Amino acid sequence: MNRKFLLYSLLLALTLASCTTCKQEQTCEVKPKNVILLIGDGMGLPHVVAAMAEREQPLNMERCTHTGLSKTYSASHYVTDSGAGGTAIACGVKTNNNMIGMDKDSVPAESVLEVAERNGLSTGVVVTCGLTHATPAAFIAHQIDRHMSQEIALDFLTKEVDVCIGGDRAAFEKREDGRNLLNELKDKGYTIVNGIDSMMAVKEGKLIGFLQGNAYDIPKMPERGDVLPKGVQTAVNILSQNDKGFFLMVEGSQIDWGAHANDMSYLLQEVYDFDEAVGKAIDFAEQNGETLVIVTADHETGGLTLVQETPDGNISWQEMSSYGAARPQNRKYIAKFSTTGHSGCMVPVYAYGPGAEEFTGIMENTAFKNKILKLLNIQ
Ligand code: MG
Ligand code: ZN
């Protein structure tokens, strides 16, 4: 009897306990109004661990309250490329490597960004590669091959993406068909600017910002400067003016490039830069209260492992080096790459904010779209 009473009291106390997110009763279910999805291209778990090992301060990614793992294989290959990987995340379908925004039978699939736009939410992409590159393209374009940058650029005209920040101005203005898409986009109401300072001065409306002024390529860190976190801030300032909410995709594009080069210094600086962008997103989510932040990767690049300095006491640094190891100073491990390509390992998923609990456990990379749409209550 006494035990039963205690049990009932405990259940009652649990029911009345307040929700940690909204400080209201537990029965309330806070749904996100805004979603910021950050993709570290090629960012496997070892890339994150290496970045953690380098630093005394925790990464911003560690501020996320929920973690999971994503299976990255594509329809055609166990080891995906960024076209199929981005398409799976954006459109919720497994497709063949190289394909953008369509399933393996070449049927276009609507992306989470497109569904958000169709439902009146504001949308944006902020990347440190060309806007026509595979990952951003997977959210905006529908093409059979990721390398069709001319056609992918044309797909931007069929959308109303509110904020596009990245590179590859050439695909828009130095075109084989002679068209200047930037003029056409201006006619559609876009403000088009070059360089991060000009972008930050734009406070409303539709924006296309090219990160490198008149240059076509975006340099790596640290030459590039903090354009990615600033780009995220710029996008969030504009997109958050919509009462219906927004969807923003942010990509740390060059983590992948550093890993392809088996260059630990390049890779790490790109992870830190991406993590600064994650920090901007979480800062906004923290004060906004209605924003879900998801951090993940499209695949792992480099087949990276972290091993002890002298694994068996015999292998010297120089010997390791010939296998592609790197050993910057102050490091307690040796980074060793097993490929200059991608690997098939699962990648981490981190989430913060209302709905974050949906992103735990082991999931297919095709699960993101529907989880996000369900939480935003749109279809
Ligand atoms: Mg990419
Ligand atoms: Zn890659």
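Quick caveat, the model's predicted, so the values are computed rather than measured.

The rules behind each value
- Residues numbered from 1 in each chain as written.
- Chains lettered and ligands numbered in written order.
- Predicted model: local features only at pLDDT ≥ 70, side-chain atom pairs only at ≥ 80, totals over all residues.
- Heavy atoms only, no water.
- Helix = DSSP H or I, 4+ residues; strand = E, 2+ residues; numbered from the N terminus.
- Buried < 20%, exposed > 50% of the residue type's maximum accessible area, 1.4 Å probe, protein only.
- Areas by Shrake-Rupley, 256 points an atom, 1.4 Å probe, with all protein chains shown as cover.
- Donors = N, O, S within 2.8 Å, 3.2 Å for Na, K, Ca; no water.
- Axes fitted to C-alpha atoms, helices over the stretch in contact; angles between N-to-C directions.
- Parallel < 35°, antiparallel > 145°, perpendicular 65-115°, else oblique.
- Left-handed = near helix turned anticlockwise from the far one by under 90°.
- Contact = heavy atoms within 4.5 Å.
- Expected span 1.5 Å × (residues − 1).
- UniProt positions renumbered as here; feature names shortened; annotations may be inferred.
- Polar contact = N/O pair within 3.5 Å; in protein donor to acceptor, adjacent residues only side chain to side chain.
- Salt bridge = Lys/Arg side-chain N within 4 Å of Asp/Glu carboxyl O.
- Pairing = 2+ DSSP bridges.

## Topic: the overall build of the chain
Stage number 1. Of the regular secondary structure elements, the chain holds 14 helices and 15 strands.
Stage number 2. For the chain, the proportion of its 379 residues judged to be buried stands at 53%.
Stage number 3. Accessible surface, the chain: about 16400 Å² in total, of which carbon and sulfur atoms supply 50%.

## As for the coordination of the zinc ion (ligand 2)
Stage number 1. For the zinc ion (ligand 2), every protein donor is listed as D256 (OD), D256 (OD), H260 (NE2) and H342 (NE2), and the spread of their distances is 2.1 to 2.3 Å.
Stage number 2. When the donor residues of the zinc ion (ligand 2) are listed from N- to C-terminus, their spacing reads D-x3-H-x81-H. Taken together, the positions of H260 in helix 11 (residues 255-260) and H342 in strand 13 (residues 342-343) put the pair 82 residues apart, joining distant regions of the chain.
Stage number 3. Owing to a relative accessible area of 29%, H260 belongs among the partly exposed residues under this scheme.
Stage number 4. With relative accessibility at 18%, the residue H342 sits in the buried group.

## Re the coordination of the magnesium ion (ligand 1)
Stage number 1. Coordination sphere of the magnesium ion (ligand 1), protein contribution only: D41 (OD), T135 (OG1) and E251 (OE), at 2.0 to 2.2 Å.
Stage number 2. Along the chain, the residues donating to the magnesium ion (ligand 1) are arranged with the sequence spacing D-x93-T-x115-E. Of this pair, D41 sits in the loop between strand 1 (34-40) and helix 2 (45-54) while E251 sits in strand 7 (residues 246-252), and the two are 210 residues apart along the sequence. For the pair D41 and E251, a shared accessibility class is recorded, and that class is buried.

## Some remarks on the packing of helix 10 (residues 227-239) against helix 12 (residues 264-288)
Stage number 1. Across the interface, helix 10 lies against helix 12 with an axial gap of 8 Å and an inter-helix angle of 25°. Here helix 10 is positioned roughly parallel relative to helix 12, judged by the angle of their axes. When you trace helix 10 past helix 12, the crossing you get is right-handed. The residues of helix 12 that touch helix 10, namely those facing L228, P229, V232, Q233 and V236, are D273, F274, E276, A277, K280, A281 and F284.

## Some words on helix 10
Stage number 1. Its 13 residues give helix 10 an end-to-end C-alpha distance of 18 Å, which sits within 8% of 18 Å, the value for a rise of 1.5 Å per residue.
Stage number 2. Taken across its 13 residues, helix 10 has ten buried, putting it largely inside the fold.
Stage number 3. Taken residue by residue, helix 10 has V227, L228, P229, G231, V232, T234, A235, V236, I238 and L239 as its buried positions.

## Quick word on the environment of S338
Stage number 1. Inspection of the secondary structure puts S338 in the loop between strand 12 (334-336) and strand 13.
Stage number 2. In the structure, S338 is positioned 36 residues away from G302 in sequence and 6.2 Å away in space, judged by C-alpha atoms.
Stage number 3. Excluding its chain neighbours within four sequence positions, the residues that come into contact with S338 are G302 and G303.

## Describing the UniProt feature "binding site: Zn(2+)" (unreviewed entry) in the chain
Stage number 1. Mapped onto this numbering, the UniProt entry gives "binding site: Zn(2+)" (unreviewed entry) at D41, D256, H260, D298, H299 and H342. Of the residues just listed, which span 302 residues, no C-alpha pair is farther apart than 14.4 Å, and they cluster in one region.
Stage number 2. Structurally, D298 is set in the loop between strand 8 (291-296) and strand 9 (300-301).
Stage number 3. For D298, the side chain forms a polar contact with the main-chain nitrogen of G42, separated by 3.0 Å.
Stage number 4. Leaving out residues up to four positions away in the same chain, H342 has contacts with V79, T80, D81, S82, D256, H260, H299, E300, T301 and G302.
Stage number 5. A polar atom in the side chain of H342 sits 2.9 Å from the backbone oxygen of T80.

## Side note on the pattern of salt bridges
Stage number 1. Per the stated rule, a full pass over the model turns up 17 salt bridges.
Stage number 2. As a salt-bridge pair, K104 and D105 come within 4.0 Å of each other at their nearest N and O atoms.
Stage number 3. Residue K104 is classed as partly exposed on the basis of its relative accessible area, which comes to 46%.
Stage number 4. Taken together, the shared-partner salt bridges connect R63, D283 and E286 into one network.

## Observations regarding the sheet that holds strand 15 (residues 361-364)
Stage number 1. What the ten strands build is an open sheet, ordered 5-6-4-3-7-1-8-14-2-15; its pairing is mixed. The open sheet is flanked by strand 5 (190-194) and strand 15, the only strands paired with a single partner. Strand-to-strand, the axes of this sheet are offset by a mean angle of 15°, without reference to chain direction.
Stage number 2. Across four bridges, strand 4 (residues 163-167) lies against strand 6 (residues 206-210) in parallel orientation. Residue pairing across strands places I165 opposite G209, the latter belonging to strand 6.

## Focus: the environment of E173
Stage number 1. On the secondary structure map, E173 appears in helix 7 (residues 170-173).
Stage number 2. The sequence separation of E173 and N183 amounts to ten residues, and the corresponding C-alpha distance is 8.5 Å.

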